[in-house]
Amino acid sequence: MLKAFFSRYKKEILLIILTVYVIILGLGTIGELFEIEWILNLPIFRPVGK
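Residues numbered from 1 in each chain as written. Predicted model: local features only at pLDDT ≥ 70, side-chain atom pairs only at ≥ 80, totals over all residues. Heavy atoms only, no water.

Description of the overall build of the chain
For the chain, the count of helices and strands is 3 helices and 0 strands. When its helices and strands are written in sequence order, the chain yields α-α-α. The C-alpha radius of gyration computed for the chain amounts to 16 Å, which surpasses the reference 10 Å derived for 50 residues by more than 25%, pointing to a less compact arrangement than a globule. Residues classed as buried in the chain amount to 6% of the 50 residues present. Here the chain displays about 4,800 Å² of accessible surface, and carbon together with sulfur accounts for 73% of that area. (Helix = DSSP H or I, 4+ residues; strand = E, 2+ residues; numbered from the N terminus. Rg over C-alpha atoms; globule rule 2.2 N^0.38 Å. Buried < 20%, exposed > 50% of the residue type's maximum accessible area, 1.4 Å probe, protein only. Areas by Shrake-Rupley, 256 points an atom, 1.4 Å probe, with all protein chains shown as cover.)

In structure tokens:
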């Protein structure tokens with residue numbers, strides 16, 4: 001059942017993953033370029049151990 005679900009919606013799932021990746025990448029780039037602290041303080045962009 002799960003295999004049939006993924007085979008049926010494979011393209012849509014990959015498109016969603018790519019879209020989320022591009023949004024996160026863009027958000028991080030904007031945070032770095034304009035030094036927006038609330039973006040840089042998000043857990044995904046914090047350095048390890050901070």
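Here's the deal with unusual backbone geometry
The phi dihedral of glutamate 35 falls on the positive side, at around 50 degrees, and the residue is not glycine. Along the chain, glutamate 35 turns up in the loop between helix H2 (10-33) and helix H3 (37-40).

A short note on the packing of aromatic side chains
Under the definition given, this model contains 2 aromatic pairs. Judged by centre distance (5.6 Å) and plane angle (70 degrees), the rings of phenylalanine 5 and phenylalanine 6 are edge-to-face. Judged by relative accessible area, phenylalanine 5 falls into the partly exposed class, the value being 42%. For the pair phenylalanine 5 and tyrosine 9, a centre-to-centre distance of 5.2 Å together with 50 degrees between the ring planes defines the contact as tilted. Residue tyrosine 9 is classed as partly exposed on the basis of its relative accessible area of 33%. (Phe/Tyr/Trp six-rings, centres within 6.5 Å; stacked < 30°, edge-to-face > 60°.)

Concerning the environment of isoleucine 44
Relative to the helices and strands, isoleucine 44 is located in the segment after H3. Note on isoleucine 44: relative accessible area 56%, which makes it exposed. On a C-alpha basis, the gap between isoleucine 44 and isoleucine 16 in space is 19 Å, while along the polypeptide they are 28 residues apart.

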